[in-house]
Amino acid sequence: MNQTPRNPFSIHSTAVSPPGAQGAPRPVFGSNSVPPLWRSGALWPRLFQVTSTFSRKRFPTLRGKFQADGEQCLYTESREFWTEHHKSWRDIMDKLRNIDTFLLDLDGTFYLGDHLYPWSLPFVATCERLGKRFIFVTNNSSRKGDYYVEKIRKMGVSITADQVFTAGQATIFYLKKYDYPRKIYLVGTPSLEEEFRQAGFILTEEDPETVVLGFDLTLTYEKLRSACSFIRQGIPFIATHPDFNCPTPEGPIPDCGAMIALITASTGVEPKIIGKPYPEMIEALRAKYGLEDPGKVAMVGDRLYTDIAMGKAAGITSILVLSGETKSDDLAASDVQPDVILDNLGEIAKILNQDSLG
Ligand SMILES: [Mg+2]
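Since the structure is predicted, the reported quantities are computational estimates derived from the model, not experimental observations.

The next point concerns the pairing of strand β6 (residues 133-138). As a general feature of sheets, a regular strand has side chains that alternate between the two faces. Across four bridges, strand β3 (residues 101-104) lies against β6 in parallel orientation. Bridge pairing in β6 places Leu104 opposite Phe136. Pairing analysis gives three bridges linking β6 to strand β7 (residues 164-166), with the strands arranged parallel. Bridge pairing links Thr138 to Thr166 in β7. In this view, the connection linking β6 to its parallel neighbour β7 by way of helix α4 (residues 145-154) has right-handed handedness.

With 74% of its residues at a pLDDT of 70 or more, the protein chain has an overall mean of 79. A low-confidence stretch, residues 1-86 stays under pLDDT 50, and its non-local contacts, those more than four residues away or across chains, total 114 contacts.

The residue Tyr180 is located in the loop between α5 (167-177) and β8 (183-187) in this model. Considering only alpha carbons, one finds Tyr180 and Glu209, 29 residues apart in sequence, at a separation of 8.2 Å. When residues no more than four places from it in sequence are discounted, the contact partners of Tyr180 are Leu175 and Thr210.

So, about the packing of helix α7 (residues 221-232) against helix α8 (residues 256-267). For the pair α7 and α8, the least separation of the axes is 10 Å and the interaxial angle reads 50 degrees. Relative to α8, α7 is oriented oblique. The hand of the α7/α8 crossing is right-handed. Between α7 and α8, the contacting residues are Leu224, Ala227, Cys228, Ile231 and Arg232 on the first element and Leu262, Ile263, Ser266 and Thr267 on the second.

Rules and cut-offs
- Residues numbered from 1 in each chain as written.
- Predicted model: local features only at pLDDT ≥ 70, side-chain atom pairs only at ≥ 80, totals over all residues.
- Pairing = 2+ DSSP bridges.
- Helix = DSSP H or I, 4+ residues; strand = E, 2+ residues; numbered from the N terminus.
- Right-handed = clockwise from strand over helix to strand, strands pointing away.
- pLDDT = per-residue confidence, 0-100.
- Contact = placed C-beta atoms within 7 Å.
- Axes fitted to C-alpha atoms, helices over the stretch in contact; angles between N-to-C directions.
- Parallel < 35°, antiparallel > 145°, perpendicular 65-115°, else oblique.
- Left-handed = near helix turned anticlockwise from the far one by under 90°.

Structure follows, in structure tokens:
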């Protein structure tokens, strides 16, 4: 049984650590403390030289809203950007326009809980107008894929069943591809249980051959005790995704990663983890959707250690949105740095709709 499948994009695979307690973050935006020029044109560079000294004195409280460091850029308002980064900005625009498939995180990116973000519909409309594909990729394995399809449709977005892919589905793909035995002890919600049964697995508490842990909102001590017992017997331990917390409108709640930590603390066994950012998730996505050209695929998400880390591992464009978990101050302390940083998904629509820099 091969438990270490090849990264399908043959890009470097990352060993990603979730963010722990960090020291004081280094300042990110302080170096750009000059105000924007409001119009584009050939005279910009000269105008900038003439006005910059005056502007620094005249508008000392204006802070940089655009940062370019190599290919990284922070962009917060479509019509405001910094002249000294003009070329980098054009590169970002060209890169985004070249994308034909956007892999989208859900919570914190497209919606929060049951509330659709206001910029999500404009993004969808722009993709449809330009013929670009978008696929929702979520680590949340507490529900099966059909649930998310229905939830998104109820929010007024017309999508097909194929436009949602969950870590639960990726785990099923992985178990089948590497011929894991079909008798499973599943620690998961009734929805995840149904998805596994529909995929042909036998869920049992008697002599299982694999233990699978999902984001179980129905977790009980009895389930934990049984799972730990089976794992101590040497039965393979698979987990759907590594997230420690799930964002909700009321604040974060313990997710699969926290449950992994508990079981690992008890048994000393670390699971094989499937979801974002691990290569197994990328492999499953590529198997289902093609995605042959990494240069035409972007991963958009709000979490550095899952969404962005997967994008980096796959060699696709990684776009961080600041509408969810990650705040701009978190970036300085992170080893995972996105290619593009935007306030939210709506900024992608603005960029794609922008005909010129003027
Ligand atoms: Mg998210």
